[in-house]
Amino acid sequence: MSDWKSRVDRDMMRTFNMPIAMLTRGEGCHVWDAEGNRYLDFLAGIAVNALGHAHPAFVGAITRQASTLAHVSNYFSSPPQLELAARLKRLAGADEGGRVYFANSGAEANEAAFKLARLNHGDGSRTRVLTLENSFHGRTFGALALTGKPALQEGFHPLPGGVEHIPTTIEALEAAIDDRVAALILEPIKGEAGVIDLPEGYLARARALTEAHGVLLIIDEIQTGAGRTGEWFAFQRDGIVPDAITVAKGIGGGMPIGALVTFGAASELFGPGQHGSTFGGNPLATATANAVLEEIERAGLVQNAAARGEQLRAVITAIGSPIVEEVRGHGLLIGIGLSAPVAAELSAAAFDRGLIINAPNATSIRIAPPLIIGDAEIDEFTSLFRAALDAVQA
Ligand SMILES: *Cc1c(COP(=O)(O)O)cnc(C)c1O
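Residues numbered from 1 in each chain as written. Predicted model: local features only at pLDDT ≥ 70, side-chain atom pairs only at ≥ 80, totals over all residues. Heavy atoms only, no water.

Engineer: What is the right way to read the site of the ligand from this model?
Structural biologist: The environment of the ligand is made up of Ser105, Gly106, Ala107, Asn110, Phe136, His137, Gly138, Glu187, Asp220, Ile222, Gln223 and Lys249. Between Gly106 and the ligand, the recorded distance is 2.8 Å, taken from a backbone N or O atom to an oxygen atom. Between the ligand and Phe136, the relevant distance is 3.3 Å, taken from a nitrogen atom to a main-chain nitrogen or oxygen of the residue. Across the complex, the protein chains shield 81% of the 380 Å² of accessible surface that the ligand would expose by itself. For the shell around the ligand, the leading source of residues is helix H5 (residues 106–119), giving 3 residues. Class assignment for the residues of the shell around the ligand results in 3 nonpolar, 6 polar and 3 charged. (Near = heavy atom within 4 Å. Polar contact = N/O pair within 3.5 Å; in protein donor to acceptor, adjacent residues only side chain to side chain. Areas by Shrake-Rupley, 256 points an atom, 1.4 Å probe, with all protein chains shown as cover. Helix = DSSP H or I, 4+ residues; strand = E, 2+ residues; numbered from the N terminus. Nonpolar A, V, L, I, M, F, W, Y, C, P; charged D, E, K, R; others polar.)

Spelled out as structure tokens, the structure:
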């Protein structure tokens, strides 16, 4: 075993599998391992590194803010915090009466959303929370209870109660929803499930039903947000207004940060003292997220994600591999459905050739490159991915 692997084995908690490699450096859309091998990074830390690695806007913001004011606790506010709150409200379309709660990760943003759901209790009559089967909302207890993957919950019961995982069909939603439901919480595209879209018309129907029954519609935009799907937030494609969204991953471009953004009346549910976080919304994290979102806007990266996503889907289809059954997703959140359970083998073959992609399950490949990719990266991806497909077929 290499030295770093034996150190992982000795020192790291055994919550993850053995890491694939030891990475030491990144620049743009590439990373390098400890042996100096270069990789095209088409996973971007699971849809996190929106600007790629070591982008000057990201580095500059962190450096400036760290040398000005990094952390103050929530007894105090700071200019970058208020700037980010206003920016998130504007980008999400929550200007009118919206509010922002800052956390430090996706799971924490969803914990806040779960507590928001509990506050919509209807004087005790609303005890049910609906989420979708095969959904992913994080690993902390509340977020894990929301997550619709029994395998991840195994060994951790009892979980916070009242959560019901329903099949992802309009019929199942119609059958489940009533006036005892506090919230419906869902991903607009199920990322961890292999980049799976909601059925046609689902969000519009969900909005109508939740409104009719006084249920909060909370959309988990943690993987889909910050421009990745070719919209600032994926729900915007459907022209609905939710009661809340949760964001994390891409908004910090590599800085750990999460947030709950509420719209309208849901913004008045939390009162002073009902939730909090020592680090949440600190000047360092919020200044970085401001710089990342500002650069996404300035450089037109939402539009780039839409256009490059179309281009990537076309080249993947054009390779014409019998292993590739379907190409899913929007913008630069792409799922490839495979005709055989070879996803792990295929992503390993890609890595051996210098391409980082990911296998969320046995028959799905997930691609989530930095939003800055252009023709050069797409060409490099195409030849590496074709070679990996050939190796697995052979
Ligand atoms: C990654 C993810 C989470 C959890 O985020 P963490 O930062 O890992 O806690 C929650 N929901 C979705 C949809 C995600 O993709």
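On we go from here.
Engineer: Which parts of the structure should I look at to understand the UniProt feature "binding site: N(2)-acetyl-L-ornithine" (unreviewed entry) in the protein chain?
Structural biologist: Feature annotation in UniProt places "binding site: N(2)-acetyl-L-ornithine" (unreviewed entry) on Arg139 and Ser277, given in this structure's numbering. Locating Arg139 in the fold gives a position in the loop between strand S5 (128–132) and helix H6 (141–146). For Arg139, the contacting residues outside a window of four places in its chain are Ala107, Leu144 and Leu152. Within the secondary structure, Ser277 is located in the loop between strand S12 (258–262) and helix H10 (283–298). (UniProt positions renumbered as here; feature names shortened; annotations may be inferred. Contact = heavy atoms within 4.5 Å.)

Engineer: Even after reading the chapter, I still don't get the environment of Leu130, so can you show me in this structure?
Structural biologist: Considering the arrangement of structural elements, one finds Leu130 in strand S5. Among the residues examined, Leu130 registers a relative accessible area of 0% and is labelled buried. Sequence separation of Leu130 and Ala343 is 213 residues, and the distance between their C-alpha atoms is 31 Å. Excluding its chain neighbours within four sequence positions, the residues that come into contact with Leu130 are Glu164, Ile166, Leu173, Ala176, Ile177, Val181, Ala183, Leu184 and Ile185. (Buried < 20%, exposed > 50% of the residue type's maximum accessible area, 1.4 Å probe, protein only.)

Engineer: Quick question: what am I supposed to make of the sheet that holds strand S7 (residues 181–186) here?
Structural biologist: Neighbouring strands of a sheet are bound in pairs by backbone hydrogen bonds; such pairs are parallel or else antiparallel. Read across the open sheet, the 7 strands follow the order S4-S12-S11-S10-S7-S5-S6; overall the sheet is mixed. Since the sheet does not close on itself, it has two edges, and those belong to strand S4 (99–103) and strand S6 (163–166), each with one partner. Each neighbouring strand pair of the sheet contributes to a mean axis angle of 20°, computed without reference to strand direction. For S7 and strand S10 (residues 216–220), the ladder comprises 4 bridges, and the chain directions are parallel. Pairing of Leu186 across the sheet is with Ile219, part of S10. Against the sheet, helix H4 (residues 79–92) touches S4, strand S11 (244–247) and S12, its axis set at about 120° to S4. Contacts from H5 reach S4, S5, S6, S7, S10, S11 and S12 within the one sheet, and its direction differs from that of S12 by about 30°. (Pairing = 2+ DSSP bridges. Axes fitted to C-alpha atoms, helices over the stretch in contact; angles between N-to-C directions.)

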